[in-house]
Amino acid sequence: MNRFVTLARRDGVGVITIDNPPVNALSRAVAEEAGACLAEAASDAEIRAVVVMGAGRTFVAGADISELQKAELPELHSLLSACENLPKPVVMAIHGTALGGGLELAMAGHYRVVAVGAQVGQPEVNLGIIPGAEGTQRLPRLAGVARALEMCVTGAPISAPDALAAGIIDKVVTSDLLEGAAAFALEAAASGGPWPKASERNEKLGTPEQNAPLFAAAREQASRVRRNQTAPLKAVEAIEAATTLPFAEGSRAERALFAECLRSAQARAMMHAFFAEREVAKVPGIEKDTAVREIASVAIVGAGTMGGGIAMAFANVGIPVRITDNDPAALERGMATIRRNYVNSVARGRFTAEVMGERMSRIRPQSGYDGFGEADLIIEAVFEDLALKKTIFAALNAIAKPSSILASNTSTLNIDELAASTSCPASVVGLHFFSPANVMRLVEIVRGRDTGADVIATALALAKRLKKVGVVVGNCPGFVGNRMLLPYMREAQFLVEEGATPWAVDQALYDWGMAMGVFAVDDMAGIDVAWRVHQAHKHLHEPGERTPLVLDKLYDMGRLGQKTGRGWHRYDENRKPSPDPEVEALIEQAARDAGIERRAIGDQEIVERCIYALVNEGARILEEGFALRAGDIDTIYLTGYGFPIYRGGPMWYASEVGFAEVHRRICEFRQRHGELWEPAPLLTRLANERKNQWPA
Ligand code: T1G
């Protein structure tokens, strides 16, 4: 008895339905059962044509990634061949998504009929692999080399109309999909065949002269948009094989490249990241049926960079926003920035001026708190000053409606202290967005001592609605992301005092994969912001503890980063950074005055001291319970701090290096640099127990 795939007979059409919730992943069992249904349909004289479709919300969203994670090679070739060589027309009826192995299965059919709103794609590079079920061989034959390269190198899905125009699908159905597909299939059957096989279509494969510039451009694009990632380049290689080898040989070449990718550290890291990002939504005490408060309107206090970006994030998904600032000029500047950002997006063709108009119309600037009493959610986004925030929370408490949620965008301050300024601590939560808030996917959802389960559930659902990743964290100074960032930035500053230059530190971290170097991030966010965080955390330092020497000097000199053209680096009018000899001299002098011996420092030490500082603090956070899982910490760094996806996040990276080795290096750093490098007890325990997995 099949568990996942069924064959139904419908007026001469054999309807094969794949039902493997939630996304009909093509697991080994599903592939086997589908093959059996095809064989049955082939031998049933009553059946003149076959329609294959998915049950529930989508067609097939790919091979089962949990099987791939075990480096199990999916065996799909026999199913694909059975489809393509069936002596009856096979029509793939696609709704929702046909991704990865799902599109590859679809392309093995003779025809593809798609519902409006469906998307198709080869997103395998997002998992550090390439299409492994003949997708790199059939797609260029259906859509041409250029389109196939675009889809496999970027991994971005395309819409039904684009897929139709590209020749990937045959028809977009506006009415009932099964109806439309069955009719299409019977028409094809009536034609008597032969029915088109993508594997035999060579007319779009181009000539070596035509293709050479395409492959060169695709390799350049792969290196640029997916820096240091191997899979996109392997995908280009596989498509190249499609243009130079017969189908069967090209498919063998693809399978070899696929196997190579599947067994790579990058694929392990990116599959970890895939599941970790989905796991963050599973929070103990928050069940699928936990009550969620309705959020139909939002109000924001503070129209600075963060307030403005947050307003855009809500307006972009259709939620009206009121925004106020006690400084009318700041409110005006904030609205001008919002408008400028939208104008830039229209200019880049992201959406139309009409859409811009709709979004702008949802953002209502105002002075004072009129109407704030109607808002379902009020977010305070003023600069980091506890006293000011407490005053604002007390004022909001007086006007907010009982069902309203009061949230703070603070990046470091104590949520319980803010909640204590209200009479409804259960409705108080931290919603820590990342700059630019209309772009960055991460939202740290800070759970206070009294924050209600319904408020956490509401925040998680809201993050999904904003197309962001909400990660629930505990209420400690700096929460998770920024708390780990402090030792990371501390080490970077110590490294330059000991002999490296800010430029060399940034280059080493960038080459290792970080989206930006630590000093470039400081300069972008503003040295004044880092200075304020530094001041706010001074009380955490032990007496006599070594602290960075130069940041305060830069602040005192008005070197605030990009916005003043000078920070750790120097910036030209296009904000292009370059090394600043004045800062290097300033650092040398500060080190000399502090009696610090300077020496040559290599990239490996730079990377290890910065990344292991992250890991060590992450381990403390985990054992103190301020993060639910190591995967949550990884997701925070991957979606909020520019950590390279192909390294899986700091905690995953440490488990790949091996806890014993990370611990050994940390002990060496403690030996040389002191107690700041005291290894986290959890890390010491795992290293001693020779374990390489963080506790679940
Ligand atoms: N395998 C296993 N589980 C999957 C899965 C998959 N392919 N896709 C999704 N899930 C689970 C996910 O973990 C979550 O589980 C639930 O489904 C809902 O997902 C041979 C080798 C389809 C766009 O890369 O992009 O085919 O947390 O929360 O936001 O060449 O899921 O509920 O327990 O993301 O609506 C290629 C991956 C595979 C697509 C839906 N395919 N999936 O998004 O839901 S490699 C992909 C997605 C391959 C072949 C190769 C998205 C989605 P849980 P969700 P969503």
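Residues numbered from 1 in each chain as written. Predicted model: local features only at pLDDT ≥ 70, side-chain atom pairs only at ≥ 80, totals over all residues. Heavy atoms only, no water.

> Looking at this structure, I do not really get the packing of aromatic side chains. What am I missing?
The geometry of two aromatic rings is summed up by the distance between their centres and the angle between their planes. Within the structure shown, the criterion is met by 13 aromatic pairs. Considering the side-chain rings of Trp512 and Phe643, the 5.4 Å spacing of their centres and the 80° angle between planes classify their relative orientation as edge-to-face. Taken together, the positions of Trp512 in helix α20 (residues 502-512) and Phe643 in the loop between α26 (630-640) and α27 (650-657) put the pair 131 residues apart, joining distant regions of the chain. Overall, Trp512 belongs to the buried group, its relative accessible area being 9%. Residue classification places Phe643 among the buried residues on the basis of a relative accessible area of 3%. Judged by centre distance (3.9 Å) and plane angle (5°), the ring pair of Trp531 and Tyr555 falls under stacked. Here the residue Trp531 occupies a position in helix α22 (residues 527-537), and Tyr555 occupies one in helix α23 (residues 551-556), the gap between them amounting to 24 residues. Accessibility expressed as a relative area gives 26% for Tyr555, which makes it partly exposed. A cation over an aromatic ring shows up here: Arg227 above the ring of Tyr510, its NZ or CZ 3.5 Å from the ring centre. (Phe/Tyr/Trp six-rings, centres within 6.5 Å; stacked < 30°, edge-to-face > 60°. Helix = DSSP H or I, 4+ residues; strand = E, 2+ residues; numbered from the N terminus. Buried < 20%, exposed > 50% of the residue type's maximum accessible area, 1.4 Å probe, protein only. Lys NZ or Arg CZ within 6 Å of the ring centre and 35° of its normal.)

> Got a minute to help me understand the sheet that holds strand β9 (residues 171-173) in this structure?
Where strands meet in a sheet, backbone hydrogen bonds hold them as pairs that are either parallel or antiparallel. One open sheet holds the six strands; their spatial order is β1-β2-β3-β4-β6-β9, and the pairing between them is mixed. In this open sheet, the two edge strands, each paired with only one partner strand, are β1 (5-10) and β9. Averaged over all pairs of adjacent strands, the angle between their axes in this sheet comes to 25°, without regard to strand direction. Note that strand β6 (residues 111-115) and β9 share three bridges and pair parallel. Directly across from Ala115, in β9, lies its bridge partner Val173. On the sheet, helix α1 (residues 28-43) packs against β1, β2 (13-18) and β3 (49-54) and is oriented at approximately 25° with respect to β1. (Pairing = 2+ DSSP bridges. Axes fitted to C-alpha atoms, helices over the stretch in contact; angles between N-to-C directions. Contact = heavy atoms within 4.5 Å.)

> For this particular structure, what's the right way to read the sheet that holds strand β16 (residues 442-447)?
What the eight strands build is an open sheet, ordered β12-β11-β10-β13-β14-β15-β16-β17; its pairing is mixed. What marks the edges here is a single partner per strand, and that holds for β12 (363-366) and β17 (469-474). Adjacent strand axes in the sheet meet at a mean angle of 25° when their direction is disregarded.

> It is not clear to me how the site of the ligand should be interpreted in this structure. Could you clarify?
Among the 28 residues in the neighbourhood of the ligand, the closest are listed as Arg57, Ala63, Gly101, Glu104 and Arg278. At 2.9 Å from a nitrogen atom of the ligand is found a main-chain nitrogen or oxygen belonging to Ala61. In this structure, an oxygen atom belonging to the ligand sits 2.9 Å away from a side-chain N or O atom of Glu124. Compared with its free state, where it exposes 1000 Å², the ligand has 77% of that area covered by protein. The greatest single-element share of the shell around the ligand, amounting to three residues, is contributed by helix α12 (residues 265-279). Its residues assigned to classes, the shell around the ligand shows 17 nonpolar, four polar and seven charged. (Near = heavy atom within 4 Å. Polar contact = N/O pair within 3.5 Å; in protein donor to acceptor, adjacent residues only side chain to side chain. Areas by Shrake-Rupley, 256 points an atom, 1.4 Å probe, with all protein chains shown as cover. Nonpolar A, V, L, I, M, F, W, Y, C, P; charged D, E, K, R; others polar.)

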